[in-house]
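# What the coordinates show
For reference, the chains in residue letters:
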Amino acid sequence: MTPSRVSVDRERCIGAGMCAVTAPEVFDQDPGDGLVILLDTDPTASRERAARTAAGVCPSGAITFREPGTAGS
Amino acid sequence: MSPSPHTVGTLPAHRPAACPFDPPAELREARRHGPISRYTHPGGKPGWMITGYDLARSVLADPRFSSRKDLLNVVDFSLPPAPPGEFLLMDEPQHSRYRKPLVGRFTVRRMRMLTERVEQVTAEHLDAMAETGGPVDLVTAFAKPIPTIVICEILGVPYEDRPSFQEQIDAFMGGEVSDEELIAAYTATQEYLARLVAAKRANPTDDVLSELTAGDLTDEELKGISLILLAAGFDTTANMLSLGTYALLRHPEQLAALREDPTLTDGAVEELLRYLSVAKTFHRTALEDVELAGRTIEAGTTVVLSFHTANRDPERFADPDALDIRRTYDGHLAFSHGIHQCLGQQLARLEMRVALRALIDRFPTLRLAVPAEEVALRPETADIFGVKSLPVTWDEDQAVPA
């Protein structure tokens, strides 16, 4: 099984919602606690661009990209 | 070895008269010398001033810098800890205890569900303006009441309580009243909120404060949370709406472009947030010795972060002092960064998009009713920058009917 390229840390997430606004096909907010939900763990190139922007603007550093060639956990 | 640092004198400083939207000259000068300068806090304590975008952002994300009120090292006496619930001035884990239960109530989706209500409230105020006819003060007729009504409805402050409550908040956010008046306003607000919390606990209604009473938060904590939400919800967006309109009126080519093309609205709101940065400065205190851009910030020293100057950093934004609603970029610091980034930012965006759009559509000939240089600005002592009043007028025969 291929390890997922995008991962989210719900412990770090503060629910600012920037990811859900920036890359709504990849991220959403849980309707209950407002924290991040990952909709697409391996986004296509077109979605990946937005997802990377989302990772960049995330205020709490809760979104991580696993780069090709790095070891899976 | 770094050369000795640039020094910034004690703030508050004045803004350039020619462009009141720009940060004070001292801070612009400081940034030209680098992202961090020596600074003396108004209470006389030595500190640092951060004016660079990247450095400000990294400090805000750095857990070695504290938001705690009782650690602020700016005056000769020690400050008390933040009252329970006032989570803006706390670190983890206390901060999360208060923020976590709120997050689900301010999501993008929840805020979108409020769109129709915000449109309705906006339309009512524009109707009233049209009926009165110009000139009107845009602050009292439009910019203040719209976000006030919306946050009061979200939290559950009864309609009839709003005017007196608004007055008290104005007193302690305006930066112009005496210490006695400040204390009186603060005390009255505390007493009001205590009664409100007790009322919601006894008779829960359909609002955020009532929902919060179901959790394990004490009355004192709920009072503190309510104060933070109301003060933040009133004053920040209100000032963005009025100062934002003033900025657009002083940049007629930008206003014309926005009026022509509604698809520019969202970008215009982001650009106004960046350009105006009404929440000008925040403080952080080093918990240990920290190296920043070649300087050592000693443990216990408080740094000031100038969000406004950082949002004009030429290393981050091309032609940073230009208001350009077509600008594209990823992120600004107007809502801060890190764990304290604005909880209500999606609400603020919604209110600004709806209200500014509706205002310029309704009154295509909207203009200042006084010479631009006579518009009275808030003093730099106010935490949130803005205009005190904004007299505007329009041609009645050109107003678009509701």
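Look up: the structure comes first, before these words.
We now turn to the structure provided with this report. Just so you know, these numbers come straight off a predicted model, no measurement behind them.

Parameters and conventions
- Residues numbered from 1 in each chain as written.
- Chains lettered and ligands numbered in written order.
- Predicted model: local features only at pLDDT ≥ 70, side-chain atom pairs only at ≥ 80, totals over all residues.
- Heavy atoms only, no water.
- Helix = DSSP H or I, 4+ residues; strand = E, 2+ residues; numbered from the N terminus.
- Buried < 20%, exposed > 50% of the residue type's maximum accessible area, 1.4 Å probe, protein only.
- Contact = heavy atoms within 4.5 Å.
- Phe/Tyr/Trp six-rings, centres within 6.5 Å; stacked < 30°, edge-to-face > 60°.
- Polar contact = N/O pair within 3.5 Å; in protein donor to acceptor, adjacent residues only side chain to side chain.
- Buried area = accessible area lost by both parts, 1.4 Å probe.
- Salt bridge = Lys/Arg side-chain N within 4 Å of Asp/Glu carboxyl O.
- Pairing = 2+ DSSP bridges.
- 1 Å grid on protein atoms, 1.4 Å probe; cavity = no way out; pocket = protein on both sides within 12 Å on 5 of 7 lines; lining within 4 Å.
- Points joined across faces, edges and corners; volume = space filled by probe spheres on them.
- Nonpolar A, V, L, I, M, F, W, Y, C, P; charged D, E, K, R; others polar.
- Core = buried A, V, L, I, M, F, W, Y, C linked by side-chain atoms within 4.5 Å.
- Axes fitted to C-alpha atoms, helices over the stretch in contact; angles between N-to-C directions.

Moving on, we come to the overall build of chain A. For chain A, the helix and strand inventory stands at two helices and four strands. Written out in order from the N terminus, the α and β elements of chain A read β-α-β-β-α-β. Counting the 73 residues in chain A, one finds 40% classified as buried. The contacts in chain A between residues at least 6 apart in sequence include a share of 52% that link residues at least 24 apart.

All names here are of chain B. Counting across every chain of the model gives six aromatic pairs over all chains. Each ring, one from Tyr 53 and one from Phe 317, has its centre 5.5 Å from the other, and the planes form 85 degrees; the classification is edge-to-face. Of this pair, Tyr 53 sits in helix α2 (residues 53–60) while Phe 317 sits in the loop between α14 (307–310) and α15 (345–362), and the two are 264 residues apart along the sequence. Given a relative accessible area of 1%, Tyr 53 falls into the buried group. With a relative accessible area of 2%, Phe 317 lands in the buried category.

Residue and element names in this part refer to chain B. Mapped onto the secondary structure, Thr 51 falls in the loop between β3 (46–50) and α2. The class of Thr 51 is buried, set by a relative accessible area of 0%. In this structure the side chain of Thr 51 is engaged in a polar contact, spanning 3.5 Å, whose partner is the backbone oxygen of Gly 34.

Glancing now at the interface of chain B and chain A. Across the contact, 17 residues belong to chain B and 22 residues belong to chain A. Its largest share of buried area at the contact with chain A, chain B owes to Lys100(B), Val103(B) and Arg109(B), together 27% of the area lost on that side. At the boundary of chain B and chain A, one finds one salt bridge. On inspection of chain B and its partner chain A, the count reaches seven residue pairs in polar contact (both at pLDDT 80 or more). Elements that contribute at least two residues to the side of chain B that touches chain A include exactly α3 (94–103), α4 (108–112) and α15 of chain B.

Residue and element names in this part refer to chain B. Sheet analysis places strand β4 (residues 65–66) next to strand β6 (residues 281–286), joined by two bridges and oriented antiparallel. Directly across from Ser 66, in β6, lies its bridge partner Thr 285. Sheet topology note: the β6/strand β9 (residues 302–306) ladder contains five bridges and is antiparallel. Paired with Arg 284 across the strands is Val 303, a residue of β9.

It is worth spelling out the environment of Gly294(B) at this point. Note that Gly294(B) resides in the loop between β7 (290–292) and β8 (295–297). Residues Gly294(B) and Pro5(B), spaced 289 residues apart in sequence, show a C-alpha to C-alpha distance of 9.8 Å.

Residue and element names in this part refer to chain A. Tallying each qualifying case throughout the model produces one cavity of 30 Å³ or more. Considered as a void within the structure, the largest cavity measures approximately 100 Å³ in volume. Cys 13, Ala 16, Gly 17, Cys 19 and Cys 58 are, among the 15 residues lining the largest cavity, the residues nearest its centre. Residue composition of the lining of the largest cavity, grouped by class: eleven nonpolar, four polar and no charged.

On to the sheet that holds strand β5 (residues 136–137) of chain B. All names here are of chain B. Spatial ordering of the open sheet is given by β5-β11-β10, a layout of three strands whose pairing is antiparallel. Strands at the two margins of the open sheet, each flanked by one partner only, are β5 and β10 (367–368). Examined bridge by bridge, β5 and strand β11 (residues 391–393) share two bridges and lie antiparallel to one another. If you follow Asp 137 over to β11, its bridge partner there is Pro 391.

Counting 107 residues, the largest nonpolar core has Phe27(A), Met129(B), Phe142(B), Leu230(B), Tyr246(B), Leu276(B) and Leu390(B) as its most contacted members. Per-element tally for this core: the top contributor is helix α11 (residues 219–249) of chain B, with 15 residues. With residues up to four places along the chain from it excluded, the contact list for Leu230(B) reads Ile151(B), Cys152(B), Leu155(B), Val157(B), Phe165(B) and Leu193(B). Grouped together as the second largest cluster of nonpolar side chains are 19 residues, Val59(B), Val290(B), Ile297(B) and Phe307(B) included.

All names here are of chain B. Within the open sheet, the six strands sit side by side as β1-β2-β3-β9-β6-β4. Their pairing is mixed. Of all strands in the sheet, those with a lone pairing partner are β1 (7–8) and β4, marking the two edges. Relative to β9, β3 runs parallel, the two being bridged by three bridges. Paired with Met 49 across the bridge in β9 is Val 304. Sheet contacts for α2: β2 (36–40), β3, β4, β6 and β9; angle to β9, the most-contacted strand, approximately 130 degrees.

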